[in-house]
Amino acid sequence: MENQTYVAYYMQFSDKYTGSLNKYGGLPTHLPPQWPCDEQFDELTFLCQFYCDGKMLSIPDTLCIQIYQLMINDMEDCDIRVIRVPLDAKENTEKYGVSAARIPEGDILFKEVVEEITEKNDWELEDKNGVYLQESKLGGWCPAADEMGDRKFLGLIGDGDAFSPFNWGGVDLFMFLNESNNVDCEFY
């Protein structure tokens, strides 16, 4: 199989929040259509959001995606839920929502743009240029490309190491866009 090139936008998680629309911790900047809840418990906790800028992230009729999870005693307790926020969403001026006490609020910056060159069936963690492919990023190549089916790889958020403030239990969170333009998440 011939090599293909994928553009990746590598994330840097700043420990300060300066008002960036791409952010983690704190509360969302815009309100989801309905606040996500767990059937047994209460509202899910806001973790982070990524705005659709048409370059790094592009989802039709979507202002941003927001990631939520149920937290009990400050520990993750359910699968991740990704919400597509519509273009006409209201700003969260009243500061509604649940924030994670153990995750500080900060900007998600995109300081490095990398062309990842690899073969679709290549399960190596580094591409042909020696770039580590499983750092937190939007876009780029996905080691699970053969398992995606008709879904498009959107990006990944690494487990709580130097590259991420999140604790996914030793695995990375991969995001895919399905044919209904909804975001699926899987851990690898």
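See the structure above.
Report on the accompanying structure.

Procedures and definitions
- Each chain carries its own residue numbering, running from 1 in the written order of its sequence.
- Selection of residues for local features in this predicted model requires a pLDDT of at least 70, selection of side-chain atom pairs for listing and counting requires 80 or more, and totals for whole chains, interfaces and linings are taken over all residues.
- Hydrogens are left out, water is left out, and the side-chain values use all remaining heavy atoms of the structure.
- Helix and strand assignments follow DSSP, with helices taken as H or I runs no shorter than four residues and strands as E runs no shorter than two, numbered in order from the N terminus.
- Buried residues are those whose accessible area, probed at 1.4 Å on protein chains only, stays under 20% of the maximum for their type, while exposed residues exceed 50% and partly exposed ones sit between those limits.
- Contact between two residues is taken to exist if any of their heavy atoms lie within 4.5 Å; hydrogens are not considered.
- Reported accessibility uses the Shrake-Rupley method at a 1.4 Å probe radius. Residues are deemed covered only where the shown protein chains occlude them.
- Under the pairing criterion, centres of Phe, Tyr and Trp rings, with the six-membered ring standing for Trp, must be within 6.5 Å; the plane angle then separates stacked pairs below 30 degrees from edge-to-face pairs above 60, leaving the rest tilted.
- Sitting over a ring, as applied to charges here, requires NZ of Lys or CZ of Arg to be within 6 Å of the ring centre and within 35 degrees of the ring normal.
- Between any two strands, pairing holds if DSSP finds at least two bridges.

What follows deals with the overall build of the chain. Scanning the chain for helices and strands turns up zero helices and 12 strands. Put simply, the chain has 188 residues, and 49% of those count as buried. Considering only contacts within the chain whose residues lie at least 6 apart along the sequence, 59% involve residues at least 24 apart. When the accessible surface of the chain is summed, it comes to about 9700 Å², and 44% of that surface belongs to carbon and sulfur atoms.

This paragraph deals with the packing of aromatic side chains. Scanning all chains against the criterion turns up 11 aromatic pairs. Through a chain of ring-to-ring contacts, the aromatic side chains of Phe-13, Tyr-24, Phe-166, Trp-168 and Phe-187 assemble into a single cluster. Sitting over the ring of Tyr-17, Lys-23 keeps its end group 4.7 Å from the ring centre. Directly above the ring of Phe-176 sits Arg-151, whose terminal nitrogen or CZ lies 4.3 Å from the centroid.

Here the focus is unusual backbone geometry. Phi is positive for Lys-95, close to 60°, though the residue is something other than glycine. With respect to the helices, strands and loops of the structure, Lys-95 is situated in the loop between strand 7 (81–86) and strand 8 (106–118). For Lys-95, a relative accessible area of 59% puts it in the exposed group. Here Asn-181, not a glycine, exhibits a phi torsion of approximately 60°, which is positive. Along the chain, Asn-181 turns up in the loop between strand 11 (173–177) and strand 12 (183–187).

Here Gln-66 lies in strand 4 (residues 62–69). A C-alpha to C-alpha distance of 5.8 Å links Gln-66 and Cys-48, two positions 18 residues apart in sequence. For Gln-66, the contacting residues outside a window of four places in its chain are Pro-28, His-30, Pro-32, Phe-46, Cys-48, Gln-49, Arg-81, Val-82, Ile-83 and Val-85.

Turning our eyes to something else, we now look at the pairing of strand 12. Two strands pair when backbone bridges link them, and strand 11 and strand 12 are joined in this way by five bridges, in the antiparallel orientation. If you follow Phe-176 over to strand 12, its bridge partner there is Asp-184. Where strand 11 folds back onto strand 12 in an antiparallel hairpin, the turn is made up of five residues, including Asn-181, whose phi is positive at roughly 60°.

Shape is all these values report; function is a separate question.
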